[in-house]
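Descriptive analysis of the structure
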Amino acid sequence: MDDFDAFVSRLSQSQPGYEAFISHLCTLASARLPPFIYIADANNPRVTASVVDAIFREIPQGSDFPPTCYARVNAVTCFHARVFYDTILNALAGWKPTWESGCQTWPGEDGVKYNDSIDSFLHGLRRLSAEHGTHQPSGGKSKGKGKAKAKTTSTEEPSMVIFIERAERLCENLPELIVPLSRLAELARVRVTVILLSSLHWEDLRPPLGAAPDPYFLDVEPLTKPDIIQRLVSAFRHTSENIQSSGEQSMAYHPGLLSLYEHYAEMVYGTISLYTSDPIELQYIAAARWPGFVKPVVCQQGDDDPDIDGGHELDIQLPNTDGRLRLFKYFSSSFTHALETLYPRLTNAADWASENDWDPTESLPETQPGSTRENARKSVARIANLPRFSKFILIAAFLASTNPAKSDMRIFGRGTSERKKRRRRNTPSTKGGTIKNSAVSQRLLGPSTFPLDRLLAILGALLEEHDVDSWPFDHRFVLPGEYTDMEIGRIHISQLAFMRALHRMSPMEKMDGPPMFKCGISYEVALALAKDVGISSLNDLMWDPV
């Protein structure tokens, strides 16, 4: 069983998270596959399909495994029964239609067609089984009895495996084939196994009246976070090896960047796993963002390019902890933008990467404490040209992220003369001679999320109190607050979200409840905006004043 153990170990290393599934399916393949197998994977059916395909395409033709002919079919492409039959027979026979031969299907020029009906398809399977049996190295059928006949049975009649992914689409396009496929070995009288893979359970696809027998069930467990991150890192390692073997010059996939990519994969998973945990989608988005993410590191290596062919990790000087935090802070908002664009395939990864490449003229954000004021000055200069209404939106977003939601009525419910009396006092309470630990200020915990309704309510209060005098007179608006409601109804915050002054925290496709946001400006920037729009004291509007 050395070949079996080596094969299972190699597949388990290349497919992390599928060790138990690979061992189970390989054990069945080494003995005798059941005639009907059903695999249910509601989380990652595409990844499971690639694992099953790798098992039967790379299966060693040795003593531990019987000879196997394999065919993979996608039920989405098989919109007609003839297409389904021809796809399976061509794959089992190893036949590839060519344009020069008139795109003839198997068996070629003899004029026999096996795609007219299920009966002709069964005759085609019998002919394939006979042809594969006569071409085995055993030299033909054996008519002996006892042990001699048992030893040559597997070589005389090889096993045929028909793997059908997206089986739920087969029930929609060709529902009349579900029962014959479940009994294909019984009807064709050959060694054939049908494997159905679907994201639904068998109870949802089972034909009525018990026409189909119960299959051999295989359930796939969902992938964990370490497994998905390991798959992303393995994809980087595989791409790096292919680039080195081809002789191409690509610093983005230098082997010395492997440790940085591990942290990058964790960041990608932590940001996007809330919306999708499909490793294929995560790998697609990670590959689109990685060249721009690593470009600042590559540009800091100097004029001499590292030796890519040598693969020495010492040639690459990786950033320290502060440098990595700067990279993550700068590119964190671009992951959600990549998800919104690449997940629905509004564009491809190459075009998105070129459009969202890193600009060398724009410096990365600092993480040292001494650079807070400098960053605040840069942020103020960047948003100084915003419209007056957008500045009020940012101030309202800062107050919504800093103040607790229950304090809005107490702060904005009355006039400015009573506001100082209602602010929270930061005095520790004493009881029995001991001082209790006061709650941590929200400014130290960071900005909190808030719904859009709350932002609009705070914005309306700010406009009514600090911007009414600047509005033009309109006889159509007589009652107080009518003009404010009209202005708020035209609010558009997509530009502020693109500038990373506001961060959208809820997915775009979420329909229940208002969208959630988080403020992206600091206290210094909010204070400068408040002075610019005429708000004398920002501390009077804060629950925890500075």
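These figures come from a predicted structure and were not determined experimentally.

**Side note on the overall build of the chain**
A count of helical and extended segments in the chain gives 23 helices and 10 strands. Each of the 546 residues in the chain was classed as buried or not, and the buried ones make up 43%. Within the chain, contacts between residues separated by at least 24 positions form 73% of all contacts whose residues are at least 6 apart in sequence. Accessible surface for the chain amounts to roughly 29500 Å². Of this, 52% is attributable to carbon and sulfur atoms.

**Description of the side chain of N403**
Within the secondary structure layout, N403 lies in the loop between α17 (388–402) and α18 (408–412). Among the polar contacts made by the side chain of N403, one reaches the main-chain amide nitrogen of W543 at a distance of 2.8 Å. Residues contacting N403, with those up to four places away along its chain left out, are I411, R454, L541, M542 and W543.

**Things to note about the packing of aromatic side chains**
In total, this model carries 20 aromatic pairs according to the counting rule given. Seen in terms of ring centroids, Y261 and W290 are 4.9 Å apart; in terms of plane orientation they differ by 80 degrees. Their pairing is edge-to-face. Residue Y261 is found in helix α12 (residues 258–272), and its partner W290 is found in helix α13 (residues 279–299); the two are separated by 29 residues along the sequence. Y261 gets classed as buried once you look at its relative accessible area, which sits at 4%. Put simply, the rings of F236, Y253, Y261, Y264, W290, F293, F328, Y330, F331 and F335 touch in pairs and so form one group of aromatic residues. Here the basic side chain of R345 rests over the ring of Y284, its NZ or CZ set 4.2 Å away from the ring centre.

**Focus: the sheet that holds strand β8 (residues 449–451)**
Strands pair in a sheet through their backbones, by hydrogen bonds, and they do so in one of two ways: parallel or antiparallel. An order of β8-β10-β9 is seen for the 3 strands of this open sheet, with the pairing classed as antiparallel. The sheet terminates laterally at β8 and β9 (502–504), the two strands that pair on one side only. Neighbour to neighbour, the strand axes of the sheet diverge by 40 degrees on average, direction disregarded. Two strands pair when backbone bridges link them, and β9 and strand β10 (residues 516–519) are joined in this way by 3 bridges, in the antiparallel orientation. Of the residues in β10, the one forming a bridge with H503 is K518. Contacting β8, β9 and β10, α17 runs over the sheet at an angle of about 95 degrees to β10.

**Focus on empty space enclosed by the protein**
The tally for this structure, following the rule as stated, stands at 1 cavity of 30 Å³ or more. Here the largest cavity defines a volume of roughly 50 Å³. A29, A31, R32, L33, I59, P66, T68, S159 and R191 are the residues that line the largest cavity. Residues belonging to the lining of the largest cavity are distributed by class as follows: 5 nonpolar, 2 polar and 2 charged.

**Brief notes about the layout of surface pockets**
Of the pockets and cavities examined, the second largest pocket occupies roughly 450 Å³. Lining the second largest pocket are 16 residues, with S14, R231, S234, A235 and H238 positioned closest to its centre. Breaking the lining of the second largest pocket down by element, the ones donating at least two residues are α1 (2–14), α3 (45–57), α11 (225–246) and α13. Classifying every residue of the lining of the second largest pocket gives 5 nonpolar, 7 polar and 4 charged.

**Observations concerning the nonpolar core**
Membership of the largest hydrophobic core comes to 70 residues, with the highest contact counts inside it found for F21, I39, I55, F56 and W290. The biggest single contributor to this core is α12, with 9 residues. Excluding residues that lie within four positions of it along the chain, W290 makes contacts with F236, A252, Y253, L257, L260, Y261 and Y264.

**Focus on the sheet that holds strand β5 (residues 216–219)**
Pairing is parallel across the open sheet formed by 5 strands, whose spatial order is β2-β3-β4-β1-β5. Each end of this open sheet is capped by a strand with a single partner; those strands are β2 (68–74) and β5. Taking each pair of neighbouring strands and ignoring which way they run, the sheet shows an average axis angle of 20 degrees. For strand β3 (residues 159–165) and strand β4 (residues 192–198), the ladder comprises 5 bridges, and the chain directions are parallel. Its bridge partner lying in β4, V161 is registered against T193. Along the sheet face, α3 touches β1 (36–40), β2, β3 and β4 and points at about 160 degrees away from the line of β2. Across the sheet, helix α4 (residues 81–93) touches β2 and β3, and the angle it forms with β2 is around 145 degrees.

**Side note on the pattern of salt bridges**
In the structure shown here, the tally under the stated rule is 16 salt bridges. Between D214 and R206 there is a salt bridge, with its nearest N and O atoms 2.7 Å apart. A relative accessible area of 55% places D214 in the exposed class. Overall, the relative accessible area of 34% leaves R206 in the partly exposed class. Through salt bridges with shared partners, a single network forms among R46, D278, E281 and R345.

**Observations regarding the packing of α17 against helix α20 (residues 452–466)**
Two elements in contact, α17 and α20, have axes separated by 9 Å at closest approach and are oriented at 125 degrees. In terms of their interaxial angle, α17 and α20 are classed as oblique. Here the hand of the crossing between α17 and α20 comes out right-handed. Across from R388, F389, F392, I393, I395, A396, A397, L399 and A400 in α17, the residues of α20 making contact are R454, L455, I458, L459, L462, L463 and H466. Considering only residue class, the contact of α17 with α20 consists of 13 nonpolar, 1 polar and 2 charged.

Parameters at a glance
- Residues numbered from 1 in each chain as written.
- Predicted model: local features only at pLDDT ≥ 70, side-chain atom pairs only at ≥ 80, totals over all residues.
- Heavy atoms only, no water.
- Helix = DSSP H or I, 4+ residues; strand = E, 2+ residues; numbered from the N terminus.
- Buried < 20%, exposed > 50% of the residue type's maximum accessible area, 1.4 Å probe, protein only.
- Contact = heavy atoms within 4.5 Å.
- Areas by Shrake-Rupley, 256 points an atom, 1.4 Å probe, with all protein chains shown as cover.
- Polar contact = N/O pair within 3.5 Å; in protein donor to acceptor, adjacent residues only side chain to side chain.
- Phe/Tyr/Trp six-rings, centres within 6.5 Å; stacked < 30°, edge-to-face > 60°.
- Lys NZ or Arg CZ within 6 Å of the ring centre and 35° of its normal.
- Pairing = 2+ DSSP bridges.
- Axes fitted to C-alpha atoms, helices over the stretch in contact; angles between N-to-C directions.
- 1 Å grid on protein atoms, 1.4 Å probe; cavity = no way out; pocket = protein on both sides within 12 Å on 5 of 7 lines; lining within 4 Å.
- Points joined across faces, edges and corners; volume = space filled by probe spheres on them.
- Nonpolar A, V, L, I, M, F, W, Y, C, P; charged D, E, K, R; others polar.
- Core = buried A, V, L, I, M, F, W, Y, C linked by side-chain atoms within 4.5 Å.
- Salt bridge = Lys/Arg side-chain N within 4 Å of Asp/Glu carboxyl O.
- Parallel < 35°, antiparallel > 145°, perpendicular 65-115°, else oblique.
- Left-handed = near helix turned anticlockwise from the far one by under 90°.

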